[in-house]
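Single-letter residue listing:
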Amino acid sequence: MADFLIAPSVLSADFARLGAEVDAVLDAGADVVHFDVMDNHYVPNLTVGPLVCDALRRYGVQAPIDVHLMVKPVDRLVEEFAAAGASWISFHPEASEHAHRTISLIREVGCRPGLVLNPATPLSCLDHVLDDLDLVLVMSVNPGFGGQAFIPSSLDKLRAVRERITASGRAIRLEVDGGIKPTNIGAVAAAGADTFVAGSAIFGSADYAATIASMRKELAAAAPSAAVAGLS
Ligand code: DX5
Ligand code: ZN
């Protein structure tokens, strides 16, 4: 089977029991912890910062933590999240004055850099920087809130980004974020995604393991052209 990763977004977790919630989704078969950072400036919502990421590491979370920065400015928080145990750090190009500098900084501090495309962000933002990235994150909702509906045109965008990644010859992950659930994850995989953020679909379900298992079943059935060998 292709190398698919399922990344529950803690945005929809019970924050009063965050450590236990993260343990529960990992025990239920999740691969990655998706950590949404919102600043009430770049997006109209306010969530958590490096202190909480650090707390999860101290609590004992070993899985990769995929930090999705929806903040402006970006760079100062990159160093703080690296120190707090982030594995991947992705950011929105609209929020950084110097995207190439931010990408370089993420790598310098020992993390894997990702660039996030909003629904209205053109693919041209990948020009000149794709080879420096380890991750492209396609937003299938506008950033800021969990529980929104998947935007169907995201499928075309995923296909177009997948083409670029294939042409690059590099093992760049293609992540999708927003409105992902068992009923659409197969189509999203067929369009080229290999890493799937899901917040409300997992944390809003009664049985995390059953929900993740049904996602994996749909992924296996999708047999996507996105199955790129060598992704890690
Ligand atoms: C939205 C966040 C998402 C969000 C996804 O700005 O980046 O990660 O938590 O939530 P669902 O899966 O509920 O759309
Ligand atoms: Zn996110």
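It should be emphasised that the depicted structure is a prediction, and the values quoted were computed from it without experimental measurement. (Residues numbered from 1 in each chain as written. Chains lettered and ligands numbered in written order. Predicted model: local features only at pLDDT ≥ 70, side-chain atom pairs only at ≥ 80, totals over all residues. Heavy atoms only, no water.)

Colleague: How do you make sense of the coordination of the zinc ion (ligand 2) when you look at a structure like this?
Modeller: Geometry sets the ideal angles at a metal, namely 109.5 degrees for four tetrahedral donors and 90 or 180 degrees for six octahedral donors. In the first shell of the zinc ion (ligand 2), the protein supplies H34 (NE2), D36 (OD), H68 (ND1) and D177 (OD), at 2.0 to 2.3 Å from the metal. Geometry at the zinc ion (ligand 2) is octahedral, judged from the 6 donor atoms that bind it and their angles of 69 to 172° at the metal. For the zinc ion (ligand 2), the single-chain donor residues occur in sequence as H-x1-D-x31-H-x108-D. Since its relative accessible area comes to 0%, H34 is described here as buried. (Donors = N, O, S within 2.8 Å, 3.2 Å for Na, K, Ca; no water. Tetrahedral: all angles 85-135°; square planar, octahedral: opposite > 155°, others 65-115°. Buried < 20%, exposed > 50% of the residue type's maximum accessible area, 1.4 Å probe, protein only.)

Colleague: Just to check I follow, could you spell out the nonpolar core for this structure?
Modeller: If you look at soluble globular proteins, the nonpolar side chains tend to sit buried side by side. Counting 72 residues, the largest nonpolar core has F35, L69, F81, L126 and F196 as the members making the most contacts within it. Among all residues touching L126, those that are not within four sequence positions of it are L115, L117, L133, V136, V161 and R164. (Core = buried A, V, L, I, M, F, W, Y, C linked by side-chain atoms within 4.5 Å. Contact = heavy atoms within 4.5 Å.)

Colleague: Looking at this model, I keep getting lost on the confidence of the model for the chain. Mind explaining?
Modeller: Do not read the predicted coordinates in detail wherever pLDDT is low. For the chain, the average pLDDT comes to 95, and 95% of its residues sit at 70 or higher. A low-confidence stretch, residues 224-232 stays under pLDDT 50, and its non-local contacts, those more than four residues away or across chains, total 20 contacts. (pLDDT = per-residue confidence, 0-100.)

Colleague: Looking at this structure, how should I read the pairing of strand 5 (residues 112-117)?
Modeller: On a regular strand, each side chain points to the face opposite its neighbour's, so the side chains alternate between the two faces of the sheet. Among the 6 residues that make up strand 5, 5 are buried, leaving the element largely enclosed by the rest of the structure. Across 4 bridges, the pairing between strand 4 (residues 88-91) and strand 5 is parallel. Within the sheet, the bridge partner assigned to W88 lies in strand 5 and is R112. (Helix = DSSP H or I, 4+ residues; strand = E, 2+ residues; numbered from the N terminus. Pairing = 2+ DSSP bridges.)

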